[in-house]
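A closer look at the structure
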Amino acid sequence: MTTAHHPNRPAARRAPARHRPWPLCRHCCGVALDMGSARTRAWVAGRGLILDVPTVTFPGAGAAYPVRRGTIVDTAGAARMLDRLLGHRLPRFTRPLVVVTAPVLDGVAYRAEARTAVQVLRPRSVLTVPSARAVALGAGADLSRPLLVVDIGAHLTEVVLLVDGAVTDARRTALGTGDLGSATPAEISEAVATMVTAMLRQDRTSLTVDALQRGALLAGGGALRPEITYRLTGRLHAPLKAVAAPHTAAVRGAATLLRAAHAHPSTGGPEACTPDRG
C-alpha cells in the first residue's frame, strides 16, 4: 500500500418538453467530466448525465487505458477518448465551459494533463475541482462544518478533510475495488482506517475528530460494497453516510459547479459558453 499526504436564451423555436432540442442560449453549453481509472462519466448541460463508460481508448488492435490509479498516463489517448465519446454530442460552433474533477493529491499534474486532453473539445474555459469537494457537492452536504470524505474508487482511495469546503488534509492509497481478488475487503478497510488514524494523530485541532463524529461521507464504488462498508464502520468506530448513487457523486458535484458558473458572470461562466464564430 502506498500513501500520500497533503497539508493544509430565448430559443428560436419552442418545442415540446419531451423533444426539446439543444438550447441555443449562450449560457447553456457546458460539460462536467469525471475521468477515473475505470469509468469516465460526463454530464452535459441541457441533457444531464449522458456517459458512464469504461475509460478506454483503441489506438490499434487492442485497448489502452489512459488513466491509471488517479494519473493520466496517456494524454493523447485521453484526448482521443473524449473526442470519440463527446465530440459528436456537443453542438457545433460552440466552445463549452468544461468542469473536470481531479484527485486531491498529485492534482497539479492531473489538472495539467486533463486541461491538455480536453482541448479536443475546444473549450472556452476549463475549471477543475478536487474530487472530494465534488463528491460533497453532489451529495448536497453541509460544507459549513468539517467533513470527512472517503472516496473508494476502482484503483484509488482518498480520505480528505474539508473545512469550509476547502481541503485541509488528504491521504490516498493506490488500492480500490478493482483490486478485490488480489486484495481483500478487510485490507481496503484497514487501509482507510490507517489513513484516518494518521490524520487524527497529526491534527492539532478538533476538526478531524468533529468530522469523524459527524459521520464520514462514503462515495465511490466502494460505497456499494457491503463487505467493505461493514468492516469500515467497525474499524472507524464512527458512523458512515453513504452518498446516494455514490459512483456518480463526483460528476454530479462538477455539474453543480457548472450550473453555478453559468449563473455568475463574474466566474467567467457565461462568457465561456458563447458560440464560437471563428
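For clarity, every value in this text was computed on a predicted model and none was experimentally measured.

Some thoughts on the overall build of the protein
- Summing up its helical and strand segments, the protein has eight helices and 13 strands in all.
- Relative to its full complement of 278 residues, the protein shows a buried share of 49%.
- Summed over its atoms, the accessible surface of the protein is roughly 13,200 Å², and 53% of this surface lies on carbon and sulfur atoms.

Here's the deal with the pattern of salt bridges
- In the structure shown here, the tally under the stated rule is six salt bridges.
- We note a salt bridge from D52 to R39, for which the minimum N-O separation is 3.1 Å. With D52 in strand β4 (residues 48-54) and R39 in strand β3 (residues 39-44), this pair connects stretches of sequence that are 13 residues apart.
- The exposure class of D52 is partly exposed, given its relative accessible area of 29%.
- The structure contains a network of salt bridges with shared partners spanning R39, R41 and D52.

Considering helix α4 (residues 185-202)
- Taking 1.5 Å of rise per residue, the 18 residues of α4 would be expected to cover 26 Å, and the 26 Å separating its terminal C-alpha atoms lies within 8% of that figure.
- When α4 is considered as a whole, its buried residues turn out to be I188, S189, A191, V192, A193, M195, V196 and M199.

Here we look at the pairing of β3
- Of all six residues in β3, five are buried, a share of seventy percent or more.
- Here five bridges tie strand β2 (residues 30-35) to β3, and the two strands are oriented antiparallel to one another. Residue pairing in the sheet places A32 in a bridge with W43 of β3.
- What sits between the antiparallel neighbours β2 and β3 is a turn of three residues.
- Of the strand pairs in this sheet, β3 and β4 are connected by six bridges, and their pairing is antiparallel. Along β4, the bridge assignment pairs A42 with L51.
- Linking β3 to β4, which pair antiparallel, is a turn of three residues; within it G46 sits at a positive phi near 85 degrees.

Points about the sheet that holds β4
- Here we have five strands laid out as an open sheet, ordered β4-β3-β2-β7-β8, and mixed in their pairing. Edge positions in the open sheet fall to β4 and β8 (125-130), since each of these has one partner strand only. The sheet shows a mean angle of 20 degrees between the axes of neighbouring strands, taken without regard to direction.
- In this sheet, strand β7 (residues 97-102) lies alongside β2 in parallel orientation, the contact comprising four bridges. By the bridge assignment, V31 is partnered in β7 with V98.
- Each of β2, β7 and β8 touches helix α2 (residues 107-117); the most contacted strand, β7, lies at about 145 degrees to it.
- Helix-sheet contacts for helix α7 (residues 249-263) involve β2, β3, β4, β7 and β8, and the interaxial angle to β2 is about 155 degrees.

Some remarks on the packing of helix α3 (residues 131-139) against α7
- Across the interface, α3 lies against α7 with an axial gap of 6 Å and an inter-helix angle of 80 degrees. The angle between α3 and α7 places the two elements in the roughly perpendicular class. Contacts between α3 and α7 pair A134, V135, L137 and G138 from the former with A249, A250, R252, G253, A254, T256 and L257 from the latter.

Side note on the side chain of E158
- Locating E158 in the fold gives a position in strand β10 (residues 157-163).
- Here E158 is buried and forms no salt bridge, its nearest opposite-charge partner R172 lying at an N-O distance of 5.1 Å.
- Of note is the side chain of E158, whose polar atom sits 3.3 Å from the backbone nitrogen of L105.
- Those residues in contact with E158, other than ones at most four positions away along the chain, are P103, V104, L105, V149, V150, D151, R171 and R172.

Quick word on unusual backbone geometry
- Positive phi values are uncommon outside glycine, yet R69 reaches one of about 45 degrees.
- By the element assignment, R69 lies in the loop between β5 (67-68) and β6 (71-72).
- Even without being glycine, D164 reaches a positive phi, approximately 55 degrees.
- Among the structural elements, D164 can be located in the loop between β10 and β11 (166-173).
- Classification of D164 as exposed rests on a relative accessible area of 60%.

The rules we used
- Residues numbered from 1 in each chain as written.
- Predicted model: local features only at pLDDT ≥ 70, side-chain atom pairs only at ≥ 80, totals over all residues.
- Heavy atoms only, no water.
- Helix = DSSP H or I, 4+ residues; strand = E, 2+ residues; numbered from the N terminus.
- Buried < 20%, exposed > 50% of the residue type's maximum accessible area, 1.4 Å probe, protein only.
- Areas by Shrake-Rupley, 256 points an atom, 1.4 Å probe, with all protein chains shown as cover.
- Salt bridge = Lys/Arg side-chain N within 4 Å of Asp/Glu carboxyl O.
- Expected span 1.5 Å × (residues − 1).
- Pairing = 2+ DSSP bridges.
- Axes fitted to C-alpha atoms, helices over the stretch in contact; angles between N-to-C directions.
- Contact = heavy atoms within 4.5 Å.
- Parallel < 35°, antiparallel > 145°, perpendicular 65-115°, else oblique.
- Lys, Arg positive; Asp, Glu negative; His and termini not counted.
- Polar contact = N/O pair within 3.5 Å; in protein donor to acceptor, adjacent residues only side chain to side chain.

From the geometry alone we can't say anything about function, so treat these as descriptive.
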